[in-house]
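Notes for the structure review
Here is how the chains run, residue by residue.
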4 protein chains.
Amino acid sequence: MTTATRIDWTREHCRLLKGVRDEFATTRPFEGLTIGTGIHIEAKTVALLTTLRAGGAEVVAAGNLNSTQPAAVEALRAEGVTVIGEQTKDEREHGHYQRELLTTRPDLILDNGGDLFARYLDDPYVGLKGGTEETTSGRMRLKPLRDRLRRPILVINDSPIKQFAENQHAVGQSTLESLLRLTNRVTNGERVTVVGYGACGRGVADNFRGAHAKVSVVEVDPVTRLRAHLDGFDTPPRDVALSTADVIITVTGARGVITVKDLPLLKNGVVLANAGHFPVEIDADGLLTSPEVKTIREYEDDLATLELRDGRRVHLVARGHMVNLAGPRALGNSIESMDLGFALQARCLQAVATGQVDSASCVVPVPAEIDAQVANAYLADRYQ
Amino acid sequence: MTTATRIDWTREHCRLLKGVRDEFATTRPFEGLTIGTGIHIEAKTVALLTTLRAGGAEVVAAGNLNSTQPAAVEALRAEGVTVIGEQTKDEREHGHYQRELLTTRPDLILDNGGDLFARYLDDPYVGLKGGTEETTSGRMRLKPLRDRLRRPILVINDSPIKQFAENQHAVGQSTLESLLRLTNRVTNGERVTVVGYGACGRGVADNFRGAHAKVSVVEVDPVTRLRAHLDGFDTPPRDVALSTADVIITVTGARGVITVKDLPLLKNGVVLANAGHFPVEIDADGLLTSPEVKTIREYEDDLATLELRDGRRVHLVARGHMVNLAGPRALGNSIESMDLGFALQARCLQAVATGQVDSASCVVPVPAEIDAQVANAYLADRYQ
Amino acid sequence: MTTATRIDWTREHCRLLKGVRDEFATTRPFEGLTIGTGIHIEAKTVALLTTLRAGGAEVVAAGNLNSTQPAAVEALRAEGVTVIGEQTKDEREHGHYQRELLTTRPDLILDNGGDLFARYLDDPYVGLKGGTEETTSGRMRLKPLRDRLRRPILVINDSPIKQFAENQHAVGQSTLESLLRLTNRVTNGERVTVVGYGACGRGVADNFRGAHAKVSVVEVDPVTRLRAHLDGFDTPPRDVALSTADVIITVTGARGVITVKDLPLLKNGVVLANAGHFPVEIDADGLLTSPEVKTIREYEDDLATLELRDGRRVHLVARGHMVNLAGPRALGNSIESMDLGFALQARCLQAVATGQVDSASCVVPVPAEIDAQVANAYLADRYQ
Amino acid sequence: MTTATRIDWTREHCRLLKGVRDEFATTRPFEGLTIGTGIHIEAKTVALLTTLRAGGAEVVAAGNLNSTQPAAVEALRAEGVTVIGEQTKDEREHGHYQRELLTTRPDLILDNGGDLFARYLDDPYVGLKGGTEETTSGRMRLKPLRDRLRRPILVINDSPIKQFAENQHAVGQSTLESLLRLTNRVTNGERVTVVGYGACGRGVADNFRGAHAKVSVVEVDPVTRLRAHLDGFDTPPRDVALSTADVIITVTGARGVITVKDLPLLKNGVVLANAGHFPVEIDADGLLTSPEVKTIREYEDDLATLELRDGRRVHLVARGHMVNLAGPRALGNSIESMDLGFALQARCLQAVATGQVDSASCVVPVPAEIDAQVANAYLADRYQ
């Protein structure tokens, strides 16, 4: 009988990365190269960064704002990954870590939000081969800088695999699981309004329908709204959708989706949660400080109940931070969905390191052959 | 008490086209113009072509190969549409109708498969403003000819609305409805293998799952196969999927998907049906003339049972022609799904006629603002 | 190449009855016995009655009111079944056929609605061993007569198999299929109100949800209404459910569910259809003769549009007769679902004929061991 | 800003009990009566027992084996409920608490598993009016004792509401949620085998299908197996279902469903979990001590990985204890589902206390009018 941690469990089930690691241990694609990264440091990341390390890389990680987990840092250091700084909410301090990272002059950058590539341009150095960017917001930030970046930068989030495996299916499911875990409330027969019907919104709506909720969708784009309608979701006008909802989940990518102005609309007992990446979709500060709010009751697990002057109560989950990472036991998206995205990362960095993509591939989606390779690997041992 | 026909019923429920027709009757965007078309002539087309006529157009229709319905011709002529020729399977005869149509020198062409635009290039005339193309195969045929076409040609099938409303949802449902109507067989608990997981295949798989079948997907593209897997469908290797199926439905767009070589694989009692556009996915002729077939039993409604020498029986639906148009009572896709596609047609032709798109828009998708306009119109009266 | 009929197709796929027939041909459980029946005479019945014949029975069939199909009569006579009378809507004439049937003094009765057992009591004869009753309404009629019947009578409809296989799944699906076939209208995103949430109503609601409709349920029993709610269906008050519906389907077993009094409630364009057994749930005559109706338009396939004086239109399917048997091409419930019910019939008659059940089993459900035998037979060859 | 606990949150959302409590505070149905109970003492129970207290009862609670939660005890005592004993796994000690409880000679017993009524018969006292029993196992134990009990005892679990609201929907969902929370593994495309297809099994199978898993069902009763088949689940023979599963969930109510004898069958990487009430369905001790097991790795949150001598790994969740109560953050079934069952409890105790049911109602289901009352209350404020 031995004991092991959640990080061990997670690594054990990153099946694709295990295969890549075994291969990299032989092929050593990053021999002599340094990889710098600003990716979130948590259990799943350990599997990715140690895979890169197995491929011969020096890996230097500065973490991302506020998300660095101490146990993951420890696990990374135990395998020779250099971790700069520690968990911080202070943007200046975080920026300091990033600049420190760039002083190591990484040959490859695994970016998250475009921070490192943007800072690189502030103070360029010789030898940067290129790298990867995890997010859409990073892509939007880096695209105008292509003339200056002039290196292969592959955007993971633009892979169809990322879209359907993680954004749709995994976010949809982890949002449902988290709301159940945090609130312990019934979903059957409840009216759930999902604001936003992109890949994430589709997944959220689908998972709540699978949980026997009556799901409405609010979507500003008429073509996407028609899609939601034909997918069988109710698509009433925004104010109707908000005022009839037992649960409202924002997943738009936009700011100020639910604000204090909406308080008069809300049904007594409504639960507000955000599944979008940034904690700006529900204006939690505005709600919590509104003069319409008489008292606030803070429950365990980051649940709060706002009692309004007119007697209505509004429940706010995780103060509008991502619901699927809220509470002390949040594990986020499924291991396998992250394993898929991180296998794309590993293969894309390999392609850049070994010159399979050139500078024409600056801020472009994952090459189709890497998507195919990863998809094949995922399905490979299922039908033997 | 008055009596009315299926065509009346259909026109009555083309709600979007009714709205467009009322508008066009006032705005007359096609005043003085001739529109030539090679679209299939059946109940739903009547609603489209009479809408164009209401907009002031002379409409000349030559039909498409083998699909012209006499009742629809009669209804069109009653409203002043010129119909050239009649139902024919003879390609030469059909080509003759098309050439005759082009002698009227239409100002706008509503094409289906690229026939009319291609023939126009054989013998160009002054005054062609441009037009629309209904299909993907037409787009693939016309794209290489852009340098010579040099006119706005909008491709309807490339609209996202066409993809999700018609290709996915409507084809998926009409395939299920048709198989039920033709075979009267249970779907619950049956193993249904869908070959192809494009928009149509996704719809077919989804509808049979909704009917409590156990659905497997065969798909050659690994990324699309992974998508089917994560959508919850079994994705075994092709031969396993074929040999365990109670029902096999092809919807790939490719030729020779199921051929006589597959006979040894098939399970006793399997039903073979094709939902792809062309009757080439299941090699019906090859199967029916195979020496492995001992006897063929022809049932009503275009069902055939092939009894093999080893005793197994294989049921073939509609000799591999589109199952959702098979049998004497087939109505095809829902009225509303076609109304959406035809509203796109009407609006695109309007845009070409009135100069809202220029020659840069040669063989391009439907403009986003037309998609939005049609989507808004569809949803407009739902929440009043 | 041989040709064959719909009846051949149906018999070919009554897999359970084929197995029973093969067994009966050897065991001859009905040798020397006469079986009289009032069951509907259509394609599937042929498979049942010829199975009984193969077991040695003389079979005498009088049909049921208005449902006798000439092709089925012909097929039965070709195999030595005596058919009395022909299709009639005249109850007196039909009663005459039934009395004529009883003059043959059948040893076993396969009843439908309790007619034959009730008439037997009017004029009892020596030698009746007992039999079966197909329906719930027959059970309710015969139960008070148990003291006089004093023979084994097994009620097929009370089998759990009948409930889930036919009433729920098969009726649910054939209702959806029929509505699609008859109206060719979209279901995606439409509001469908199902009135009644018994086994049939659950199946109808489930199938329309599978077809991406937004389904509401109206149910007078609060516990059943709660069940619908937790199953994820909207359960608004009746008048709200009727006034917001695009489609209303009655499946309650009750009379006058939708009457002329509801006309003011109905939404413009609503489709009314009945999936309950008797054409009394929607008061079609009342609607068609209402002074609020300005004109009636009769379309092909038994569709009618009532235009009201205020301009609203109401579409009525099959004048309130069972929608899944409406129109010229209706095939009703799936072959396999009927095969299950008819296998129960054959096994129950065998049990009565061979004395496996005694007079204590008078108007009781199918014995559990027969349910188990039939269930095992259905699944037997699925996993070999 | 005030702070509050999980118990507060739970009580706040027991909407039905709140209504009952308000009513009881006026009507005082238990004035002068003592209620003794052996129900589990956790957050939701607090809402029930304080409701009874509000109705005028002295409440004495002895808890159930091993489930007593200290925070709940504290909350109960704060409201004047007498709690005997504390959390214990020792059956003798627990028995001692129960006997101590009975020395208070409760007028009403709210039993769980039949312990208190059975012990009452060992040493009867004057004044017991009757009471309620929560479980099916309690009903089976008490039914043979009816001649001696001769008092109204209403069995909550036999209410249809309990069956569909809690056993099917709530257990199904909490099992899915718990497995996601504990393992963080993907469900999409995974093969999940559910052993047992009663109400709980149906719910588990349905929820995993909603989570895009490929679900197989193992069921020994052929009629129930046929039901699973027609519901669209794969129903292969047990050994096939076990050997192809990525996840196996037992929910049968039987002992020894998965034992060490099954080890040779299991697929590498399989996850074993139990959703049945007792930790006897998976023989965890047998598995953990099998000589075929080379090493055992214990992870956080009660996950264990057994590495077999042949290299296969088997993951065991919560050592076969109920998965939906496993791990440090388990909240079990949804608040609303428990609120429904506890409202039935409160109403049934009220009926016994006020003489609405007599001794003929000894070990019988909840009266239909109480089911109706509770269902109406649940739906009452949803459509105002």
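Residues numbered from 1 in each chain as written. Chains lettered and ligands numbered in written order. Predicted model: local features only at pLDDT ≥ 70, side-chain atom pairs only at ≥ 80, totals over all residues.

We now examine the nonpolar core. Nonpolar side chains in soluble globular proteins tend to end up buried together. Within the largest apolar cluster, 124 residues are counted, with the highest numbers of intra-cluster contacts made by D:Leu76, D:Ile249, D:Leu272 and D:Val317. In this structure D:Leu272 touches D:Ile248, D:Ile258, D:Ile282, D:Val314, D:His315, D:Leu316 and D:Val317, once residues within four positions along its chain are discounted. (Core = buried A, V, L, I, M, F, W, Y, C linked by C-beta atoms within 7 Å. Buried ≥ 20, exposed ≤ 12 C-beta atoms within 10 Å, placed from the backbone. Contact = placed C-beta atoms within 7 Å.)

Partitioning chain A into domains gives domain 1 (6-158 + 334-383) and domain 2 (167-325). The distance between the C-alpha centroids of domain 1 of chain A and domain 2 of chain A comes to 32 Å. (Domains from an automatic or database assignment.)

Right, let's get into the interface of chain B and chain C. Every contact between the two is made by 34 residues of chain B and, on the other side, 35 residues of chain C. Counting residues per element, the ones that place at least two in the side of chain B that touches chain C are strand E1 (2-3), helix H1 (6-12), helix H9 (160-183), strand E12 (293-299) and helix H14 (335-353) of chain B. Grouping the constituent residues of the side of chain B that touches chain C by class yields 11 nonpolar, 13 polar and 10 charged. Examined bridge by bridge, E12(B) and strand E1 (residues 2-3) of chain C share 2 bridges and lie parallel to one another. (Helix = DSSP H or I, 4+ residues; strand = E, 2+ residues; numbered from the N terminus. Nonpolar A, V, L, I, M, F, W, Y, C, P; charged D, E, K, R; others polar. Pairing = 2+ DSSP bridges.)

In this section: the interface of chain D and chain A. Opposite the 35 residues of chain D that make contact, chain A presents 35 residues. Looking at the side of chain D that touches chain A, the elements with two or more residues in it are strand E1 (2-3), helix H1 (6-12), helix H9 (160-183), strand E12 (293-299) and helix H14 (335-353) of chain D. Partitioning the side of chain D that touches chain A into residue classes produces 11 nonpolar, 14 polar and 10 charged.

For the pair chain D and chain A, the best superposition has an RMSD of 0.0 Å and corresponds to a rotation of 180° with a translation of 0.0 Å parallel to the axis. As the rotation angle and translation indicate, the two copies are arranged about a two-fold axis. By C-alpha distance to the rotation axis, the residue of chain D lying nearest is D:Gly210, at 2.3 Å. Comparing interface residues between copies, 100% of those in chain D also lie at the interface in chain A; the contact surface is shared. (Least-squares fit on C-alpha atoms with pLDDT ≥ 70 in both.)

Taken in spatial order, the 8 strands line up as E9(A)-E8(A)-E10(A)-E11(A)-E14(A)-E13(A)-E12(A)-E1(D) in an open sheet, and their pairing is mixed. Unpaired on one side and paired on the other, strand E9 (214-218) of chain A together with E1 of chain D mark the two borders of the sheet. Two elements, strand E13 (residues 303-308) of chain A and strand E14 (residues 313-317) of chain A, share 5 bridges in a ladder whose sense is antiparallel. Bridge pairing in E14(A) places A:Glu307 opposite A:Arg313.

This part takes up unusual backbone geometry. Backbone geometry places A:Arg105, a non-glycine residue, at a positive phi of 50°. Position of A:Arg105 among the secondary structure elements: in the loop between helix H5 (91-102) and strand E5 (108-111). Positioned with a positive phi, C:Asp302 is a non-glycine residue whose angle comes to about 65°. A count of 17 C-beta atoms within 10 Å places C:Asp302 in the partly exposed class.

Our next topic: the pairing of strand E5 (residues 108-111) of chain B. All names here are of chain B. On E5, burial covers both faces: Leu108 and Leu110 on one face and Ile109 and Asp111 on the other are all buried. Inspection of the sheet shows strand E2 (residues 34-37) paired to E5 by 3 bridges, in the parallel sense. The partner of Thr37 across the bridge, within E5, is Leu110. Tracing the backbone out of E5, into helix H6 (residues 115-122) and back to the parallel element strand E6 (residues 130-133) gives a crossover that is right-handed. (Right-handed = clockwise from strand over helix to strand, strands pointing away.)

The next subject is the relation of the copies chain B and chain C. Laying chain B over chain C is done by rotating through 180° and shifting 0.0 Å along the axis; what remains is an RMSD of 0.1 Å. Taken together, the interface assignments show that 100% of the residues at the interface of chain B recur at the interface of chain C, consistent with an identical surface on both copies.

A few words now on the packing of helix H3 (residues 43-54) of chain D against H14(D). All names here are of chain D. Where H3 contacts H14, the two axes come as close as 10 Å, and the packing angle between them is 25°. Regarding the angle of H3 to H14, the classification is roughly parallel. Judged by the sense of rotation from one axis to the other, the crossing of H3 with H14 is right-handed. Along the contact surface, H3 presents Lys44, Ala47, Leu48, Thr51 and Leu52, while H14 presents Ile335, Met338, Phe342, Gln345, Ala346 and Leu349. Taken together, the residues of the contact of H3 with H14 sort by class into 8 nonpolar, 2 polar and 1 charged. (Axes fitted to C-alpha atoms, helices over the stretch in contact; angles between N-to-C directions. Parallel < 35°, antiparallel > 145°, perpendicular 65-115°, else oblique. Left-handed = near helix turned anticlockwise from the far one by under 90°.)

Further remarks concern H3(D). All names here are of chain D. In this model, H3 (12 residues) spans 17 Å end to end at C-alpha, consistent with the 16 Å of a helix rising 1.5 Å per residue. By the criterion of burial, H3 is predominantly enclosed, with 12 of the 12 residues buried. Here H3 has its buried residues at Ala43, Lys44, Thr45, Val46, Ala47, Leu48, Leu49, Thr50, Thr51, Leu52, Arg53 and Ala54. Residues of H3 that are buried sit in contact with H1, helix H2 (15-27), strand E2 (34-37), strand E3 (58-61), helix H4 (70-78) and H14. Positive phi appears at Gly56, one or two residues downstream of H3, with a value of about 100°. (Expected span 1.5 Å × (residues − 1).)

Attention shifts here to the pairing of strand E10 (residues 247-250) of chain C. Residue and element names in this part refer to chain C. Across the two faces of E10 the burial is the same, with Val247 and Ile249 and Ile248 and Thr250 all buried. Relative to E10, strand E8 (residues 191-195) runs parallel, the two being bridged by 4 bridges. Considered in E10, the bridge of Val195 is made with Thr250.

All names here are of chain A. Along the chain, the position of Met140 falls in helix H7 (residues 136-142). With 12 C-beta atoms counted inside 10 Å, the residue Met140 sits in the exposed group. Each C-alpha atom, one on Met140 and one on Val363, is 9.2 Å from the other, the two residues being 223 residues apart in sequence.

This next bit is on the confidence of the model for chain A. Parts of the model with low pLDDT should not have their predicted coordinates read in detail. Averaged over every residue, the pLDDT of chain A is 95; the share at 70 or more is 100%. Across the assembled chains, the prediction reports ipTM 0.96 with pTM 0.97. (pLDDT = per-residue confidence, 0-100.)

Reading across from one edge, E9(B)-E8(B)-E10(B)-E11(B)-E14(B)-E13(B)-E12(B)-E1(C) is the order of the 8 strands in this open sheet, with mixed pairing throughout. Both edges of this open sheet fall to strand E9 (214-218) of chain B together with E1 of chain C, since each of them pairs with a single strand only.

With that settled, the discussion passes to the packing of helix H9 (residues 160-183) of chain A against helix H14 (residues 335-353) of chain A. Residues and elements named next belong to chain A. H14 packs onto H9 with a crossing angle of 155° between their chain directions and a minimal axis gap of 9 Å. One finds that H9 runs roughly antiparallel with respect to H14. In the packing of H9 onto H14, the handedness of the crossing is left-handed. Contacts between H9 and H14 involve Ile161, Lys162, Ala165, Glu166, His169 and Ala170 from the first element and Ser337, Leu340, Gly341 and Leu344 from the second. Partitioned by chemical class, the residues of the contact of H9 with H14 number 5 nonpolar, 3 polar and 2 charged.

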